[in-house]
Amino acid sequence: MASLQPVRGTHDILPDEARRARHVIDTGRNLAARYGYDEAATPIFEFSDVFARTLGETSDIVTKEMYTFTDKGGDQITLRPEGTAGIARALISGGLSQNLPLKFFYAGPMFRYERPQKGRLRQFHQIGVELLGVAEPIGDIEVIALGAAILDELGVRGNTQLELNTLGNTQSRAAYRDVLVEYFSDRRGDLSEDSQQRLDRNPLRILDSKNEGDRAIVIGAPEFDDSLDAESSDFFAEVCAGLDALGVAWHRNSRLVRGLDYYCHTAFEFTTDALGAQSAVLAGGRYDGLVEQMGGPSTPGVGWASGIERLSMLIGDGPEKTRAVAVIPLGDAAEAVALKLTDELRRSGVSVDLGFRGKMKQRMKRANNINARAAVILGDDELEQNAATVRDLDSGEQELVPLTALRDRLEQFR
RNA sequence: GUGGCUGUAGCUCAGUUGGUUAGAGCACCUGGUUGUGGUCCAGGGGGUCGGGGGUUCAAAUCCCCUCAGCCACCCCA
């Protein structure tokens, strides 16, 4: 083990993994564009208040997971733990609410101080979308459908299932919260220690508890649906109907609760059992109160985020690497010609590897190691004839090709 | 933050009740082949045994601390 270790929970994204990540991001960006979502990027750090005020004072992210520091100017800065708050801030500081609705796609690193395990890192990466300024259920439908389309395109949809729930509007949630607090308070002593704390801070999350004793109590808990007012249940019914119309299969999970305070109405998660305890692959919901809570004009919003590392683990090898052509010069004269030739080929669109040193055998070996498609051999014999030997590295066949015809001849190896 | 398991070469792993210079496969390098890779043969380099401390005549092996990874909890993407 090397004594120089990366910071806990961080890791290097080396070429194989970078290619998978790139594929995930490109797929997300391309599909999002097709749905009318433009890419945007907000800073990876913000004033701490941007997150502390909006995510909820009692949320785990704020209480224990934020990477916060004081910068040299004395400001409290936080590395972003998620993407939505930054977008909302940008909407306000940029005066973008004049141009609603807005549709954004983003990709980038997020930071949470958590204990790392499989599918969970301290610096991880997400792609996400936000739809701002649409209060209608069709917004939720579009956003979820886009998520489903991306998972389809990546070929991982079959490993996931869509869990759907509603948290209702503010009044409904408050009403449900009251009923729930009453129910659990009567059974407080039977709840796990964790859930007793949840009861004081965020009682809805008791519904999500994995503790066996809690689960037994949760089974008898009041249903959210009984507290939903007409507006809330109509809204949810429209979302469900829209997904049905699009053929997006979903599962009602009335125990699905999002961790962040700003969610309302629709909450959803595409989950998988292929990642151990980390089941959420793509998750989000509606956050109508967020922008206003941050000090901006009342602006409805709905969106989701998806972990790039988690998606990468589901897609297997991803797309194959482009196979290059290896140019192999023999001798100083050939080296000079090869340098120029290589540059011309690259500029004309051919992917070329030019070995930096070594004898022919070593260069051929390298060509093989990088999985080159063909070798272009330039030696004295070839130079005399203004030609190059082109060897197909898959078949082993080779032939002499005039330099003037080389570009065209290499076309067949693309 | 809590609990459990694990840490030996670049990778995957052997290493007996503590006992000489810690091994294998793959990978890498060199040669067989001075203009031909992928197969084969021969040879070679590479290890603070995660780190620190302790017990002992002697520690990869036993004990303590620490770091990291994995798993579960918490929470989530």
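First, a word on scope: everything that follows refers to the structure included in this document. (Residues numbered from 1 in each chain as written. Chains lettered and ligands numbered in written order. Predicted model: local features only at pLDDT ≥ 70, side-chain atom pairs only at ≥ 80, totals over all residues. Heavy atoms only, no water.)

Overview of the packing of aromatic side chains
Evaluated as defined, the whole model comprises four aromatic pairs. Arranged with centres 4.1 Å apart and planes meeting at 15°, the rings of Tyr176 and Phe224 form a pair that is stacked. Of this pair, Tyr176 sits in helix H6 (residues 170-186) while Phe224 is found in the loop between helix H8 (212-219) and helix H9 (230-245), placing the two residues 48 residues apart along the sequence. Phe224 matches Tyr176 in its accessibility class, with the two residues each being buried. With 6.5 Å between their ring centres and 85° between their planes, Phe268 and Phe270 make a pair best called edge-to-face. We note Arg122 situated over the ring of Tyr113; from NZ or CZ to the ring centre the distance is 3.9 Å. (Phe/Tyr/Trp six-rings, centres within 6.5 Å; stacked < 30°, edge-to-face > 60°. Helix = DSSP H or I, 4+ residues; strand = E, 2+ residues; numbered from the N terminus. Buried < 20%, exposed > 50% of the residue type's maximum accessible area, 1.4 Å probe, protein only. Lys NZ or Arg CZ within 6 Å of the ring centre and 35° of its normal.)

What to know about the sheet that holds strand S12 (residues 325-329)
Ordered in space as S13-S12-S14-S15-S16, the five strands form an open sheet in which the pairing is mixed. Pairing within the sheet leaves two strands with one partner each, and these edge strands are strand S13 (352-354) and strand S16 (398-402). Geometrically, the sheet is characterised by an average inter-axis angle of 25° between neighbouring strands, direction not taken into account. Judged from the four bridges that link them, strand S14 (residues 374-378) and strand S15 (residues 387-392) form a sheet pairing that is antiparallel. Its bridge partner lying in S15, Ala374 is registered against Asp392. Docked against the sheet, helix H12 (residues 332-347) engages S12, S13 and S14, running at close to 160° with respect to S13. Strands in contact with helix H15 (residues 403-411) are S12, S14, S15 and S16; relative to S16, the strand with the most contacts, it is inclined by about 125°. (Pairing = 2+ DSSP bridges. Axes fitted to C-alpha atoms, helices over the stretch in contact; angles between N-to-C directions. Contact = heavy atoms within 4.5 Å.)

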